[in-house]
Amino acid sequence: MKIKTISRSDDDHTRARSGDIQKLHRNLDPSLHPFEKAREYTRALNAVKLDRVFAKPFVGALNGHRDGVYCMAKHPTQLTTFASGSADGEIRIWSLQTQKTIWSSIAHKQFVRGLCFVPYSNSFVSVGDDKVVKLWDGQSSEPSQTYIFKSSFTGVSHHRSNPQFATSSNQIDIWDHTQSEPIQSLSWGAETITTVKFNQTETSVLASAGTDRTIILYDLRTNMPISKSVMALKTNAIAWNPMEAFNFTCANEDHNLYSFDMRNLSKAINVFKDHVSAVLDVDYSPTGQQIVSGSYDKTLRIYNAREGHSRDVYHTKRMQRLFCVQYSMDSKYVLSGSDDGNIRLWKGDASEKMGTTAPRQQASLEYNKALKERYKHMPEIKRIDRQRHLPRRIVSTTKKIHVMTDSRKKKEDNLRKHSRPGAVPFKAERKKHILTVDE
């Protein structure tokens, strides 16, 4: 005769320590929990409300510059080190850990236009309006190398592995650390190159933007341009995606950002909107999932790389025009430099708790995050999650832009209705701002 018995181990029900919570066994059968979704929705609603309550993104201000901050560079291997350059020619190296200057020098006689660190070392390169390139060895008081050129510089970018860097002026020049003259020069019709950036994955490829509204890609192996795209308005900054070798994002004068695949410049793969003035700088997070942009409208916006509208916007009463933005190397913080002389440190996630968290607290945060993701499409949760208090001038300008956009659409529709079929074709948003592409 076979008898089935219920067998339970004491270890499944006994606490290991007196401070542990009681072990409970739950039956997860949905039929036993008819109000499960209602309870989860209420928890998700409370979680998203608490997120907005605890959303305090501002961490601190780094004071010291006497003039506007117009360029910044983060160290590629050190988490807490970055450099900044101002309009009075001063360069400062900062420690994010202490939020203080660890080195400073009057490096140039005029504007500092560009900074970049040399990978896998403490050296960095600076360029300015005084037609001088300086290579600094760590925190020495004098530059280790000085290169004098015939025209003012607008930007600089260093090669990922070789001792070479590129500068932009009326052309792109490739310099070697050991030579006093450029080893290579590249140009394709632009009067002035406003920015240049090396691809950190496909290390021989670099992108540039010019005052003639062009975006040009070059390959150092062939000493020739790859392709050129002419935009409707000028591009101010370029950032390569660190995880997707062929993708880059450019900040444009028409208030938008455009992501491109370098293999096909005839259309953008994404258009990022919401700014109401020219976008002056852009940077990717090291994960390649987030984009931060700084604009002339005195706001900083953070985007998900796959979405077209910003997930968060930061601003303060005293912050002026933003000319440079950077993500920290751990993707947790954002740095912004403005022409009021301040560098501000922000959290990448406005409501994220700083410091260490207990295991139970971490589990609760992850549970709330999963609930918000599950119910993010619900109207009330979506409204609370997207609600932001913005300055009055931003709100009024946004309304004005919406009216102008609706008027243009209405005019196009009326023109299309009263024209022969096919005379007024539809233009995709990702193509209409790109005028021509040359290969």
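Just so it is clear, the model here is predicted, and its values are computed rather than measured. Residue numbering note: each chain is counted from 1, following its sequence as written. Confidence filtering applies because this is a predicted model: local features only for residues at pLDDT of at least 70, side-chain atom pairs given and counted only at 80 or more, and all residues used for totals across whole chains, interfaces and linings. Each side-chain value is derived from all of the structure's non-hydrogen atoms; neither hydrogens nor water enter the calculation.

A.B. asks: Sorry, what's going on with the overall build of the protein here?
C.D. replies: Put simply, DSSP H or I for four residues or longer makes a helix, DSSP E for two residues or longer makes a strand, and each gets a number counted from the N terminus. On a plain count of helices and strands, the protein comes out with 4 helices and 29 strands. Counting only C-alpha atoms, the protein reaches 95 × 70 × 55 Å along its principal axes. Each residue is assigned to one of three classes by its accessible area relative to the maximum for its type, calculated with a 1.4 Å probe on protein chains only: buried under 20%, partly exposed between the two thresholds, exposed over 50%. Evaluated residue by residue, the protein yields a buried proportion of 46% over its 439 residues. Any two residues whose heavy atoms approach within 4.5 Å at even a single point are treated as in contact. Excluding contacts between residues fewer than 6 apart, the proportion of contacts in the protein whose partners are at least 24 apart in sequence is 47%.

A.B. asks: Is there a simple way to think about the environment of arginine 386 in this case?
C.D. replies: Mapping arginine 386 onto the fold places it in helix H3 (residues 379–386). Arginine 386 sits 334 residues away from arginine 52 along the chain, and the two C-alpha atoms are 9.5 Å apart.

A.B. asks: Would you mind going over the sheet that holds strand E24 (residues 300–304) with me for this structure?
C.D. replies: Adjacent strands of a sheet pair through backbone hydrogen bonds, lying either parallel or antiparallel. Note on pairing: two strands pair once DSSP finds at least 2 bridges between them. Taken together, the 4 strands give an open sheet; going across it, the order is E22-E23-E24-E25, and neighbouring strands pair in antiparallel fashion. Sheet topology places strand E22 (279–284) and strand E25 (312–314) at the edges, where each strand pairs with a single neighbour. Averaged over neighbouring strand pairs, the angle between their axes works out to 20° when direction is ignored. To define axes, lines are fitted to C-alpha atoms, for helices over the stretch in contact only, and angles between the resulting N-to-C directions are given on a 0 to 180 degree scale.

A.B. asks: Would you take a moment to explain the pattern of salt bridges for this structure?
C.D. replies: It is possible for side chains of opposite charge to pair when their charged atoms get near one another. Criterion for a salt bridge: a side-chain nitrogen of Lys or Arg within 4 Å of a carboxyl oxygen of Asp or Glu. Throughout the structure, instances matching the rule amount to 18 salt bridges. The salt bridge partner of arginine 221 is aspartate 219, with a shortest N-O separation of 2.9 Å. Residue classification places arginine 221 among the exposed positions, given a relative accessible area of 59%. For aspartate 219, a relative accessible area of 10% puts it in the buried group. Look at the salt bridges and you will find they share partners, linking Lys273, Glu429 and Lys432 into a network.

A.B. asks: Is there a simple way to explain the packing of aromatic side chains in this structure?
C.D. replies: Aromatic rings considered in pairs are described by the distance between their centres and by the relative angle of their planes. Stacked, tilted and edge-to-face are the three classes applied to pairs of Phe, Tyr and Trp rings, where Trp contributes its six-membered ring and a pair requires centres within 6.5 Å; stacked means planes under 30 degrees apart, edge-to-face means over 60, and tilted covers the rest. Scanning all chains against the criterion turns up 19 aromatic pairs. Judged by centre distance (5.3 Å) and plane angle (70°), the ring pair of phenylalanine 58 and tryptophan 346 falls under edge-to-face. In this pair, phenylalanine 58 sits in strand E1 (residues 58–62) while tryptophan 346 sits in strand E28 (residues 343–347), placing the two residues 288 residues apart along the sequence. The exposure class of phenylalanine 58 is partly exposed, given its relative accessible area of 40%. Taken together through their ring pairs, the aromatic side chains of Tyr147, Phe149, Phe153, Phe165 and Trp175 make up a single cluster. The ring of tyrosine 296 has arginine 321 sitting right over it, with the charged end atom 4.3 Å from the ring centre. The ring of phenylalanine 426 is capped by arginine 416, whose NZ or CZ atom sits 3.7 Å from the centre of that ring. When the NZ atom of lysine or the CZ atom of arginine is within 6 Å of a ring's centre and also within 35 degrees of its normal, the charge is said to sit over that ring.

A.B. asks: Can you help me understand helix H1 (residues 36–53) in this one?
C.D. replies: Think of an α-helix as turning once every 3.6 residues; residues three or four places apart then point the same way. Helix span, as expected, comes to 1.5 Å for every residue beyond the first. Taking 1.5 Å per residue, 18 residues should reach 26 Å; H1 reaches 26 Å between its end C-alpha atoms and fits that length. Along H1, the residues that are buried comprise Glu40, Ala44, Leu45, Ala47, Val48 and Asp51. End-on, the buried residues of H1 take up no more than an arc of 160°, which puts them together on one face. Lining the buried residues of H1 we find helix H2 (359–374) and H3. Arc definition: it is the arc formed by the directions from the helix axis to the C-beta atoms.

A.B. asks: Looking at this structure, I do not really get the side chain of serine 259. What am I missing?
C.D. replies: Locating serine 259 in the fold gives a position in strand E20 (residues 257–261). Take serine 259: its relative accessible area is 4%, and that puts it in the buried class. Not counting residues within four places of it along the chain, the set of residues in contact with serine 259 comprises Phe248, Thr249, Ala268, Ile269, Asn270, Phe272 and Tyr284.

A.B. asks: Hey, could you run me through the environment of serine 277 in this one?
C.D. replies: Take serine 277: it is sitting in the loop between strand E21 (270–272) and E22. Put simply, serine 277 and threonine 299 are 22 residues apart on the chain and 9.6 Å apart in space, counted from C-alpha to C-alpha. Non-local contacts of serine 277, meaning those with residues more than four positions away in its chain, are made with His255, Ser295, Tyr296 and Asp297.

A.B. asks: What should I look at first to understand the state of the cysteines in this one?
C.D. replies: One way to say it: the disulfide is the covalent bond shared by the sulfur atoms of two cysteines. We call a pair of cysteine sulfur atoms a disulfide whenever their separation is within 2.5 Å. Within this structure, the stated rule accounts for 0 disulfides. Not part of a disulfide, cysteine 116 finds its nearest cysteine sulfur in cysteine 71, a span of 10 Å.

A.B. asks: In this structure, what is going on with unusual backbone geometry? I would like to understand it.
C.D. replies: Leave glycine aside and you will find that most residues have negative phi; peptide bonds, for their part, are mostly trans. Notably, lysine 298 is not glycine yet its phi reads approximately 70°, a positive angle. Within the element layout of this structure, lysine 298 appears in the loop between strand E23 (290–295) and E24. Looking at lysine 298, the relative accessible area reads 17%, which means it is buried. A positive phi angle is found at serine 331, which is not glycine, with a value near 65°.

A.B. asks: Looking at this structure, I do not really get the sheet that holds strand E10 (residues 155–158). What am I missing?
C.D. replies: Pairing in this open sheet of 4 strands is antiparallel, and the strands run E10-E11-E12-E13 from one edge to the other. The open sheet has two edge strands, E10 and strand E13 (184–186), and neither has a second partner. Going from strand to strand, the sheet's axes swing by 20° on average, the running direction of each strand aside. Relative to strand E11 (residues 164–168), E10 is paired through 4 bridges, and the arrangement is antiparallel. Bridge pairing links valine 156 to threonine 167 in E11.

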